[in-house]
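# Structural characterization, general
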Amino acid sequence: MDAVQGPRWTLREWILSMQILMGAALLPLAFLDYSGYFWIIRASLLAHALAASLQDAAIDSFAISTVDPAGRGSLNGWMQTGYLTGRAVFGGTILVVSGYFAGPGSVLLLCGALWTIALLVALFVRPVKRITSGTDLRTTFRSYREHLLSASKSKRVWIGLLFAAVSGAAFEGVGAVGGPFLVDRGLSESEVGWFFSLPAVGGMILGSLAGGFSADRFGTAGTVRTAILFVAANTILIALMEGSSTVFPNSWMIGAFFSLYVGIGFFTASTYAMFMNLTDPALGATQFSAYMGATNGCEAWAGFLTGRLSGAWGFPVAFAAVAVISTLTVMLVPALHRSGPENHTPPEPGPGSP
């Protein structure tokens, strides 16, 4: 994507075309029999997922190219708010609407929503000029290759990938087993489902907005450190409550989980802003997507580790272990904020600076 841009094909066109393709790929689900044409359904879903991932990368690159570093925290806070709200509203709305619309109605409604957003992009989003000066595909690709080679030699890039792959271990681990954990404590499945569908989402939105504001106001370095320690402290609190000889009521545990999800939002908005600041704008899609891929890897291994440890030693030990791992990543933060030739953005202002 970073290498395939030109005067007439910019990030705007990437976003627009992938948004249209996302809706088009879902159309077979409205008219085909799932059992008789499963291979077409599978191909459609894969095409939709591919278009969605490319659209996501293009939006991130667009943000890196157009938003001043001093405002990237708030940007990520609002992006997380939109993402969480959209997931909650559309996920629930489609299930409700499908009960009133027979046949393809719900799928067509979803396609219409995707294409409406594409229309808004076409009408209100201006094309973004490339950071590099290349005007043809060959020159653009050569410039992309040079920037990619430079990034691959950057110590800060590799430290950033390590940070992305490890720092979220605490909440990723707890999140992976949070549902079964709360059910084991005596909550019903409906109570657990209600918590994760409303209070947890609300807590993440609240934390995202606060984390974004803090990153812009006080700098990402201090905000990210605070976020890591806050999430780890909440994880340790949950472990202590579970392992204590005192039986704490489930309302207290739900409160601790809500606080944890506020911390998750705070952590997500501030770290995403930090990753944007670490990213070379000429590699906006490539480099930032690499950081996001590393966070997905963190989700996988942290969930696996927590599951294994909780089965062998119990939830308190598992939660404490991933909390300690996350806390150790605080030591990586200073290396990601040192000024020097590898930085792609100017040093952050201190508190009170304009």
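The structure displayed is predicted, hence computed values, not measured ones. What you see as residue numbers is a count from 1 along each chain, following the sequence as written. In view of the model being predicted, local features appear only for residues whose pLDDT reaches at least 70, and side-chain atom pairs are presented and counted only at 80 or more, with totals across whole chains, interfaces and linings using the full set of residues. In computing side-chain values, all of the structure's heavy atoms are included and hydrogens and water are not.

The way it works is that DSSP assigns letters per residue, a run of H or I at least four long becomes a helix, a run of E at least two long becomes a strand, and they are numbered from the N terminus. Of the regular secondary structure elements, the protein chain holds 14 helices and zero strands. The order of α-helices and β-strands along the protein chain, N terminus first, is α-α-α-α-α-α-α-α-α-α-α-α-α-α. Taking all 354 residues of the protein chain together, the buried fraction comes to 44%. Whether two residues are in contact is decided by their heavy atoms: any pair within 4.5 Å suffices. Residue pairs in contact within the protein chain that sit at least 24 positions apart in sequence constitute 81% of those at least 6 positions apart. For the exposure calls, accessible area comes from a 1.4 Å probe over protein chains only, and a residue counts as buried if that area is under 20% of its type's maximum, exposed if over 50%, partly exposed in between.

Now for the environment of Phe196. Relative to the elements of secondary structure, Phe196 occurs in helix H9 (residues 189-197). The exposure class of Phe196 is partly exposed, given its relative accessible area of 24%. Each C-alpha atom, one on Phe196 and one on Gly178, is 9.4 Å from the other, the two residues being 18 residues apart in sequence. Not counting residues within four places of it along the chain, the set of residues in contact with Phe196 comprises Gly178, Gly179, Leu182, Val201 and Tyr261.

Look at helix H8 (residues 169-184) against helix H11 (residues 220-243): their axes get within 10 Å of each other, and the N-to-C directions meet at 35°. For H8 against H11, the interelement crossing comes out left-handed. Residues Ala170, Phe171, Val174 and Phe181 of H8 pack against Val231, Thr235, Ile238 and Glu242 of H11. Amino acids outside the nonpolar list (Ala, Val, Leu, Ile, Met, Phe, Trp, Tyr, Cys, Pro) and the charged list (Asp, Glu, Lys, Arg) are all regarded as polar, and Gly is one of them. Among the residues making up the contact of H8 with H11, the classes are represented as six nonpolar, one polar and one charged. Helix axes are fitted only over the stretch in contact, all axes being lines through C-alpha atoms; the angle between N-to-C directions runs from 0 to 180 degrees. Take the far helix as your reference; a near helix turned counterclockwise from it by less than a right angle gives a left-handed crossing, and one turned clockwise gives a right-handed crossing.

Let's shift gears to the pattern of salt bridges. Salt bridge criterion: a side-chain nitrogen from Lys or Arg within 4 Å of a carboxyl oxygen from Asp or Glu. Scanning the entire structure with this criterion turns up two salt bridges. Note that Glu13 is salt-bridged to Arg12, the shortest N-O span being 2.7 Å. We note that Glu13, like Arg12, is buried.

Attention now moves to the packing of aromatic side chains. Ring geometry is summarised as follows: Phe, Tyr and Trp rings, the Trp one being its six-membered ring, pair when their centres sit within 6.5 Å, and such pairs are stacked at plane angles under 30 degrees, edge-to-face over 60 and tilted between the two. One pass over the structure, following the stated rule, counts 15 aromatic pairs. Centroid distance Phe141 to Tyr144: 6.3 Å. Interplanar angle 40°. Geometry classified as tilted. Here Phe141 and its partner Tyr144 are both found in helix H6 (residues 137-152), three residues apart, which amounts to about one turn of the helix. Since its relative accessible area comes to 14%, Tyr144 is described here as buried. Measuring from centroid to centroid gives 6.4 Å for Phe195 and Phe257, while their planes differ by 85°, and the two rings are edge-to-face. Here Phe195, found in helix H9, pairs with Phe257, found in helix H12 (residues 250-278); they are 62 residues apart in sequence, far enough to count as distant. One exposure class covers both Phe195 and Phe257, and it is buried. In textbook terms, an aromatic cluster arises when at least three aromatic residues are bridged by ring pairs, as seen for Phe181, Phe195, Phe196, Phe257, Tyr261, Phe315 and Phe319.

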